[in-house]
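Structural characterization, general
For reference, the chains in residue letters:
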Amino acid sequence: MTACVVLDLLERFKLNPNRVCIDIFESSTTAVLGGTSSELLAGDRLSVSELLYAMMLPSGNDAAQSIAIYFGNYINLVNGGSSTSINANLIVDDFNEIE
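Residues numbered from 1 in each chain as written. Predicted model: local features only at pLDDT ≥ 70, side-chain atom pairs only at ≥ 80, totals over all residues. Heavy atoms only, no water.

Bringing the packing of aromatic side chains into the picture now. Considering all chains together, one arrives at 4 aromatic pairs under this definition. Geometrically, the ring pair formed by F13 and Y74 is edge-to-face, given 5.4 Å between the ring centres and 75° between the ring planes. Of this pair, F13 sits in the loop between α1 (2-12) and β1 (21-23) while Y74 sits in helix α3 (residues 61-78), placing them 61 residues apart in sequence. Of the residues examined, F13 reaches a relative accessible area of 11% and is grouped as buried. We classify Y74 as buried; its relative accessible area is 0%. (Phe/Tyr/Trp six-rings, centres within 6.5 Å; stacked < 30°, edge-to-face > 60°. Helix = DSSP H or I, 4+ residues; strand = E, 2+ residues; numbered from the N terminus. Buried < 20%, exposed > 50% of the residue type's maximum accessible area, 1.4 Å probe, protein only.)

Now the structure itself:
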């Protein structure tokens, strides 16, 4: 489901999945998350394309968690949320891409 939502958002906001990069947080790499893992490390920076691949091929819950945090923050920003609620995970190469 995460992949479907992310692909829809990429299309809706005309974002290039190879240019949007996500910083991986410690919370996405914790063993408490459970399930299978892509073995991401906190501090890694990957494109949305790479994370979708990591999420779907080995069913990486860490990749899914990272994408979910990023796009949750993205939608908050697009909907006029305050910048204080956006964490450092939100990185877009070109904010002019946001309509």
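Every buried residue of helix α2 (residues 48-56) is listed here: V48, L51, L52, A54 and M55. One side of α2 carries all its buried residues, which in axial view fall inside an arc of 165°. Opposite the buried face of α2, at more than 90 degrees from it, the exposed residues are Y53 and M56. Lining the buried residues of α2 we find α1, β1, β2 (45-47) and α3. (Arc of directions from axis to C-beta. Contact = heavy atoms within 4.5 Å.)

For Q65, the location among the structural elements is in helix α3. When its relative accessible area of 28% is taken as the criterion, Q65 is described as partly exposed. C-alpha separation for the pair Q65 and S28, spaced 37 residues apart in sequence, amounts to 5.6 Å.

Moving on to the nonpolar core. By size, the foremost hydrophobic cluster in this structure holds 22 residues, and its most contacted members are V48, L51, L52, I67 and F71. For this core, the secondary structure elements donating two or more residues are α1, α2 and α3. No other element matches the 6 residues that α3 contributes to this core. Leave out the neighbours within four places in its chain, and V48 touches V6, L10, P17, V20, I22, I67 and F71. (Core = buried A, V, L, I, M, F, W, Y, C linked by side-chain atoms within 4.5 Å.)

The next subject is the packing of α1 against α3. Orientation of α1 relative to α3, taken along the N-to-C sense of each, is 40°, at an axis distance of 10 Å. Accordingly, the angle class assigned to the pair α1 and α3 is oblique. As α1 packs across α3, the resulting crossing turns out to be left-handed. Taking contact as the criterion, the partners of T2, V6, L9 and L10 in α1 are, on α3, A64, I67, F71 and I75. Partitioning the contact of α1 with α3 into residue classes produces 7 nonpolar, 1 polar and no charged. (Axes fitted to C-alpha atoms, helices over the stretch in contact; angles between N-to-C directions. Parallel < 35°, antiparallel > 145°, perpendicular 65-115°, else oblique. Left-handed = near helix turned anticlockwise from the far one by under 90°. Nonpolar A, V, L, I, M, F, W, Y, C, P; charged D, E, K, R; others polar.)

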